[in-house]
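Chain and residue survey
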Amino acid sequence: MRRIRPPVFNTIRAEKYLLGLIALSAALLWFYHSFLAQSPSWQVISRVGSDAQQAMKPLEGVENTVILQLVNFSTLPKAKVLVNGQVMGDFSHPYVSVPVAEGDWLEVDTTYYDHRVTIRVLDSTRQVISPAKGKEFSLKKTVAAIGQVKLAAE
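An account of the accompanying structure is given in this report. (Residues numbered from 1 in each chain as written. Predicted model: local features only at pLDDT ≥ 70, side-chain atom pairs only at ≥ 80, totals over all residues. Heavy atoms only, no water.)

Once that is clear, we can look at the nonpolar core. If you look at the biggest cluster of nonpolar residues, it comprises 23 residues, and the most contacted ones within it are Leu68, Phe91 and Ile119. At the level of secondary structure, the elements contributing two or more residues to this core comprise β1 (65–70), β2 (76–83), β4 (95–99), β5 (105–109), β6 (117–124), β8 (136–139) and β9 (143–148). Of all the elements, β2 adds the most residues to this core, at four residues. Those residues in contact with isoleucine 119 that sit more than four places away from it in its chain are Leu68, Gln69, Leu70, Val71, Phe91, Val108, Lys135, Glu136, Phe137 and Leu139. (Core = buried A, V, L, I, M, F, W, Y, C linked by side-chain atoms within 4.5 Å. Buried < 20%, exposed > 50% of the residue type's maximum accessible area, 1.4 Å probe, protein only. Helix = DSSP H or I, 4+ residues; strand = E, 2+ residues; numbered from the N terminus. Contact = heavy atoms within 4.5 Å.)

See the structure below:
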């Protein structure tokens, strides 16, 4: 009796090797994404804290400053802060420090955005009486005046 040799290419064995290779590739890919690759959210998280600390400090070399906060923070770089019609900052960060002087007009331009944007006057130097700290403005597709800057008499 003659024995039948098994074929050189066995489909069942090839299928097992292929499934093993796929499982190993998936495990390596998961490991890479979990531990080695840096998530984009980590970059954003690390930036937000540093931006806040930088913007919360008064500007150096400027006597009077107003700090505006974007309440529902999402990067809105096309929302501009205007002082006397000149662009002095944007909301690519949650806080914007703006140098001001007596009689300056403070405005926020949100004409680019179709949704409601809420801006708060977060803080200012001691000499700034108006705009008042804590005042909020809700804007949608407009240029709104925050107010005229008034300083305390020295």
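A cis amide bond links serine 130 with the next residue in sequence, proline 131, at an omega value of 5 degrees. Even without being glycine, asparagine 84 reaches a positive phi, approximately 55 degrees. Here asparagine 84 shows up in the loop between β2 and β3 (86–91). Classification of asparagine 84 as partly exposed rests on a relative accessible area of 43%. For lysine 141, which is not glycine, the phi torsion reads 55 degrees and is therefore positive. Inspection of the secondary structure assignment puts lysine 141 in the loop between β8 and β9.

The next thing to look at is the sheet that holds β8. Ordered by their spatial adjacency, four strands build an open sheet running β4-β1-β6-β8, and the pairing between neighbours is antiparallel. At either margin of the open sheet sits one strand with a lone partner, and together these are β4 and β8. On average, each strand axis in the sheet is tilted by 25 degrees relative to the strand beside it, whichever way the strands run. Here β1 runs beside β6; their pairing, made up of five bridges, is antiparallel. (Pairing = 2+ DSSP bridges. Axes fitted to C-alpha atoms, helices over the stretch in contact; angles between N-to-C directions.)

The subject of this paragraph is a nonpolar patch on the surface. Judged by side-chain polarity, Leu18, Leu19, Leu21 and Ile22 come together as a nonpolar surface patch covering roughly 400 Å² of accessible area. Note on placement: leucine 18 falls in helix α1 (residues 11–36). (Patch = residues over 30% accessible without salt bridge, like charges linked within 9 Å, V, L, I, M, F, W, Y side chains within 5 Å. Areas by Shrake-Rupley, 256 points an atom, 1.4 Å probe, with all protein chains shown as cover. Salt bridge = Lys/Arg side-chain N within 4 Å of Asp/Glu carboxyl O.)

All right, on to the environment of glutamine 69 then. Along the chain, the position of glutamine 69 falls in strand β1. Judged by its relative accessible area of 13%, glutamine 69 falls in the buried class. Taking the C-alpha atoms as reference, glutamine 69 lies 8.5 Å from threonine 118; in sequence the two are 49 residues apart. Those residues in contact with glutamine 69 that sit more than four places away from it in its chain are Phe91, Pro94, Tyr95, Thr118, Ile119, Arg120 and Leu122.

Keep in mind that these numbers describe shape and distance, not what the molecule does.
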